[in-house]
2 protein chains.
Amino acid sequence: MNIILLSGGSGKRLWPLSNDIRSKQFLKLFKKSDGTYESMLQRVYNAIKRVDSKAKITIATSKSQVSAINNQLGSDINISLEPCRKDTFPAIALATAYLHDVQKVPENEAVVVCPVDPYVDDDYFVALNNLCLQADKGEANLVLMGIEPTYPSEKYGYIIPKNKENTSEVLKFKEKPDSETAMGYIKQGALWNGGVFAYKIKYVLDKAHEIIDFKDYYDLFEKYDSLNKISFDYAVVEKESKIQVMRFGGQWKDLGTWNTLTESMEEKIIGKAIMNERCSNVHIINETNIPMLAMGLHDVVISAGPDGILISDKGESSFIKPFVDKIIQPTMFAEKSWGSYRVIDFTSESMTIKITLNPGSSMNYHSHQKRNEVWVAILGNGKTIVDGMEQPIKAGDVITIEAGCRHTVIAESELQLIEVQLGKEISVDDKRIFRLEK
Amino acid sequence: MNIILLSGGSGKRLWPLSNDIRSKQFLKLFKKSDGTYESMLQRVYNAIKRVDSKAKITIATSKSQVSAINNQLGSDINISLEPCRKDTFPAIALATAYLHDVQKVPENEAVVVCPVDPYVDDDYFVALNNLCLQADKGEANLVLMGIEPTYPSEKYGYIIPKNKENTSEVLKFKEKPDSETAMGYIKQGALWNGGVFAYKIKYVLDKAHEIIDFKDYYDLFEKYDSLNKISFDYAVVEKESKIQVMRFGGQWKDLGTWNTLTESMEEKIIGKAIMNERCSNVHIINETNIPMLAMGLHDVVISAGPDGILISDKGESSFIKPFVDKIIQPTMFAEKSWGSYRVIDFTSESMTIKITLNPGSSMNYHSHQKRNEVWVAILGNGKTIVDGMEQPIKAGDVITIEAGCRHTVIAESELQLIEVQLGKEISVDDKRIFRLEK
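Colleague: Looking at this structure, I do not really get the packing of aromatic side chains. What am I missing?
Modeller: Here the distance between the centres and the angle between the planes together describe a pair of aromatic rings. If you walk through the whole model with that rule in mind, you get 30 aromatic pairs over all chains. A centroid spacing of 5.5 Å and a plane angle of 70° characterise the contact between Y98 of chain A and Y217 of chain A, whose relative ring orientation is edge-to-face. Of the two residues, Y98 of chain A is situated in helix α3 (residues 88-101) and Y217 of chain A in helix α7 (residues 217-223); the sequence distance between them amounts to 119 residues. Overall, the relative accessible area of 8% leaves Y98 of chain A in the buried class. With a relative accessible area of 8%, Y217 of chain A lands in the buried category. Chaining the aromatic ring pairs together yields one cluster made of F89, F197, Y199 and F232 of chain A. A cation over a ring is seen here: K239 of chain A above Y234 of chain A, with NZ or CZ 4.5 Å from the ring centre. Stacked on the ring of F434 of chain B, the Lys or Arg R406 of chain B has its end atom at 3.7 Å from the ring centre.

Colleague: Would you take a moment to explain the side chain of Q416 of chain A for this structure?
Modeller: Secondary-structure assignment places Q416 of chain A in strand β29 (residues 415-422). Residue Q416 of chain A is classed as buried on the basis of its relative accessible area of 10%. At a separation of 3.3 Å, a polar atom in the side chain of Q416 of chain A contacts the side chain of E414 of chain A. The residues contacting Q416 of chain A, other than those within four sequence positions of it, are K354, I355, T356, V376, A377, I378 and L379 of chain A together with T347 of chain B.

Colleague: Could you clarify how one ought to interpret the interface of chain B and chain A in this entry?
Modeller: Buried accessible area, meaning the area lost when the parts come together, often serves as the stated size of an interface. Contacts between the two partners involve 53 residues from chain B, matched on the other side by 53 residues from chain A. Summed over both sides, the interface of chain B with chain A buries roughly 4200 Å², with 72% coming from carbon and sulfur. Counting the surface chain B buries against chain A, the share from its top three residues, L293, M295 and I311 of chain B, is 17%. Along the contact surface separating chain B from chain A lie four salt bridges. Taking the shortest distance from any N to any O, the salt bridge between R278 of chain B and E316 of chain A comes out at 3.1 Å. The interface formed by chain B and chain A contains 16 residue pairs in polar contact (both at pLDDT 80 or more). Where strand β19 (residues 308-313) of chain A lies against strand β17 (residues 292-295) of chain B, four bridges are found, and the strand directions are parallel. For S312 of chain A, the partnering residue across the bridge sits in β17 of chain B and is M295 of chain B.

Colleague: Explain the packing of helix α3 (residues 88-101) of chain B against helix α6 (residues 201-211) of chain B to me, please; I cannot follow it from the model alone.
Modeller: Each pair of packed helices gets described by two things: the angle between the helix axes and the distance between those axes. All names here are of chain B. Viewed as axis vectors pointing N to C, α3 and α6 meet at an angle of 125°, and their least axial separation amounts to 9 Å. As far as their axial angle goes, α6 and α3 are oblique. Here α3 runs over α6; the crossing is left-handed. Residues F89, I92, A93, T96, A97, L99 and H100 of α3 lie in contact with α6, whose contacting residues are I201, V204, L205, K207, A208 and I211. Its residues placed into classes, the contact of α3 with α6 shows 10 nonpolar, two polar and one charged.

Colleague: Is there a simple way to think about unusual backbone geometry in this case?
Modeller: Negative phi values dominate among residues other than glycine, just as trans dominates among peptide bonds. All names here are of chain A. Of note, the bond from W15 into P16 is cis; its omega dihedral lies within 30 degrees of zero at 5°. With respect to the helices and strands, P16 occurs in the loop between β1 (2-6) and β2 (28-31). Positive phi values are uncommon outside glycine, yet D299 reaches one of about 55°. Here D299 is to be found in strand β18 (residues 298-305). You can call D299 partly exposed: its relative accessible area is 36%. A positive phi angle, near 45°, is found at D387, a position not held by glycine. In this structure, D387 sits in the loop between β25 (381-386) and β26 (389-394). Residue classification places D387 among the partly exposed residues on the basis of a relative accessible area of 49%.

Colleague: Could you clarify how one ought to interpret the pattern of salt bridges in this entry?
Modeller: Close approach of charged atoms allows side chains of opposite charge to pair. Residue and element names in this part refer to chain A. Applying the stated rule across the entire model yields 40 salt bridges over all chains. For the salt bridge of R371 with E373, the shortest nitrogen-to-oxygen distance reads 2.9 Å. In this structure, R371 and E373 share a single accessibility class: buried. One continuous salt-bridge network, built from bridges that share partners, spans K24, D117, K155 and D254.

Colleague: Help me understand the pairing of strand β25 (residues 381-386) of chain B, please; the structure alone is not making it clear to me.
Modeller: Strand residues, when the strand is regular, have side chains that alternate between the two faces of the sheet. All names here are of chain B. Pairing of β25 with strand β26 (residues 389-394), which is carried by six bridges, proceeds in the antiparallel orientation. Residue T384 lies in a different strand from β26, and its bridge partner there is Q391. In sequence, β25 turns back onto β26 through a hairpin of two residues, with D387 there showing a positive phi of about 45°. In this sheet, strand β28 (residues 407-411) lies alongside β25 in antiparallel orientation, the contact comprising five bridges. Within β28, the position partnered with I385 by the bridge is T408.

Colleague: How should the relation of the copies chain B and chain A be read in this particular structure?
Modeller: The operation linking the two copies of the chain is a rotation about an axis combined with a translation along the axis. Of the two same-sequence chains, chain B is brought onto chain A (RMSD 0.2 Å, axial shift 0.0 Å) by a rotation of 180°. Look at the turn and shift together and you get a two-fold axis relating the two. Scanning chain B for the C-alpha nearest the rotation axis identifies I344 of chain B, at a separation of 2.9 Å. Looking at chain B, 100% of its interface residues are interface residues in chain A too, so the copies touch through the same face.

Colleague: Looking at this model, I keep getting lost on the sheet that holds strand β16 (residues 280-286) of chain B. Mind explaining?
Modeller: Within a sheet, adjacent strands bond to each other through the backbone by hydrogen bonds, running parallel or antiparallel. Strands sit in the order β15(A)-β17(A)-β19(B)-β18(B)-β16(B)-β14(B) across an open sheet of six strands; the sheet is mixed. Either end of the sheet is taken by a strand with one partner, and the two such strands are β15 (273-275) of chain A together with β14 (269-271) of chain B. On average, each strand axis in the sheet is inclined to that of its neighbour by 10°, with strand direction left out of account. Pairing of β14 of chain B with β16 of chain B involves three bridges; the strand directions are parallel. Of the residues in β16 of chain B, the one forming a bridge with I270 of chain B is I285 of chain B.

Colleague: Mind showing me how you'd approach the pairing of β16 of chain B here?
Modeller: Residue and element names in this part refer to chain B. Of all seven residues in β16, five are buried, a share of seventy percent or more. Bridge analysis of β16 against strand β18 (residues 298-305) gives six bridges, and the strand direction is parallel. The partner of I284 across the bridge, within β18, is I302.

Reading guide: rules and limits
Residues numbered from 1 in each chain as written. Chains lettered and ligands numbered in written order. Predicted model: local features only at pLDDT ≥ 70, side-chain atom pairs only at ≥ 80, totals over all residues. Heavy atoms only, no water. Phe/Tyr/Trp six-rings, centres within 6.5 Å; stacked < 30°, edge-to-face > 60°. Helix = DSSP H or I, 4+ residues; strand = E, 2+ residues; numbered from the N terminus. Buried < 20%, exposed > 50% of the residue type's maximum accessible area, 1.4 Å probe, protein only. Lys NZ or Arg CZ within 6 Å of the ring centre and 35° of its normal. Polar contact = N/O pair within 3.5 Å; in protein donor to acceptor, adjacent residues only side chain to side chain. Contact = heavy atoms within 4.5 Å. Buried area = accessible area lost by both parts, 1.4 Å probe. Salt bridge = Lys/Arg side-chain N within 4 Å of Asp/Glu carboxyl O. Pairing = 2+ DSSP bridges. Axes fitted to C-alpha atoms, helices over the stretch in contact; angles between N-to-C directions. Parallel < 35°, antiparallel > 145°, perpendicular 65-115°, else oblique. Left-handed = near helix turned anticlockwise from the far one by under 90°. Nonpolar A, V, L, I, M, F, W, Y, C, P; charged D, E, K, R; others polar. Least-squares fit on C-alpha atoms with pLDDT ≥ 70 in both.

Purely geometric stuff here, so don't read any function into it on its own.
So, in structure tokens, the structure goes:
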């Protein structure tokens, strides 16, 4: 099957582990059989490959997530890069054009679109494949997944099918209702709209050409900044009459808050922590190196990372956003295509960072205008290039880099550096990137 | 008045803020009128000076606390250094000999001895002065403070006075009782024995000479390692017949657990933290730089520092010790006579530390056998001496120090360094100290 995974930003609902550049789909919270942890993104990607080893997967996302995606799935993954955020219709149109013009998928093939972050079992991916096969038949222009509701949720739109068959025409769509109205819908046989649907490539390309004046993927990409924001539901779904829905009755959860997320964790504790036997319904996720001890707590989630420490009653954890908005500090941790970095100290005129480069990887060749840097290698070996001059680097070596100096480091083995940045206006935006002459 | 403050180790009952080298009396948890915080040690020291500006204060303590005491009270403070821990009788004998032979206090003057860590008001120090004056009269060899009990505590010994006068002879001592027995004592008019008493210097020196063969303070100090462990209560108090007790009815609290300590905190939050309005009876002490958010918690203490993060029901917080004993990691923070250090990263072959030197202060001139070090100055200025060579240092400078190299740094203004230690066997014990040739 062809599949487009929409990888959006989750913002701060899973603070302190999610932030502006690290969305919830990247959090490694799910235990694998080998004892290591995988993220929701890795979980979904691996499940698709398990169900359909030939699946052609494209991830539609913005620039800020590319490094993390490459870090978690490798550099071979197909990414339809949105130059900026423009809501779902432009994003899906761009990804569909990418499939057609870059991946050379014929226009009469079907593709299924789904968000990257539902918590599901393998039968969900079988259902995605069936959605694709149904779209292939051409009985309808759009085939939606209708998720059988487990409670009268106010968070989802509802689909009312014409009949109770597995595949049915759609009678009506309903906007997100209040709980009582939702109960009424459910009595009528309504299904949740989880934003999962399949169509033939030609169908969405035609819709896109009707709304946007563009030639092909490359042209659309160039024009992306100037497009209007418009949702796929508004531009396409609500106007389409040839539309079907297929029921899905398996597990489908939105792990959008600490309360729902911890329900799906296999273990009470991830990271360095101890709790005493008088704790009940407590979950701890500790991404810091600082050991943690919990005593006599009930119905509490504790989540700690370099950006913050949350200690919350589980029910209250849905309401953290306005409080988190008050907490302003630099991003303390980020996954990059070459590895990761962590801020370990900052003052008004310095920032000290621990950098870990994966074996064989390297940073961009870059310079800063307003800061000097000092690198102290603490593990591994590789080479540095500073103003064109190549030099080996190994644990114990010190490199000083003046403002304006172009520099990079290339890891042979895993390479760890302590980087001390020195200057009055330290900012991630103070960066110029250069092509490295070979 | 002459006063000996006994500054002992509190161990781990206030983990993660107290540890083997940082006892509870050094925690800066008490707000001053100027908005800054002071420790119990500073609070007691300043209160004594307020009540009696000419008070001659000596702190009896062990080597591990000297740096922290000098850091908090300055380098002029008189310290009777115990070469090792030998229980209260040798410690009090040594401090008394120190007063007589080093401070030249005449042997017919009285001295009052008290622990450094009760939480008290100024009237307590007036009472100490009265205790001293009473000992001066010579009606008894020992004058104890009897604290009026506020509940039938199992933690203290009890003193039963002969009568209900303010000053009375002692009828009997009672060991720490169970709660019911304690209630019986209280009905008989018993008072808590808080380990506070006054005597004339000659009295304790004579007792010491009876038990220990020594000439003077210097001789006693030399022999200290070989002394038997024996408590002052056992060696002196229980055998003395000429003994009085003076009542004290003011505030006197042992802030030995997070539960009792937080009761005496003026504020709910110290450090970077927010709590929502649905928290009740929650206290947060955050000594890390990581912001904290507490939501919907009740009767909880949260205490975070470089050594650990405790989240505990207040009642349960008395039982942390066996759990804390399981947490083994290097000391992450220490106050030194010259400032402080904080471990900001450690791996198997490196340790990265942030060092802050107070203006005008300097480290010992020292070397390490098994590690190289790199210093990156991030704030201030001063000078370094490396293998005898003096050099100025300022923010942005880098100094590399090979194993075996003798080195120190002298701060002019407040000086901050990032120190990267590199080696396979990094240990605080790998240190040789040298005399600096002028």
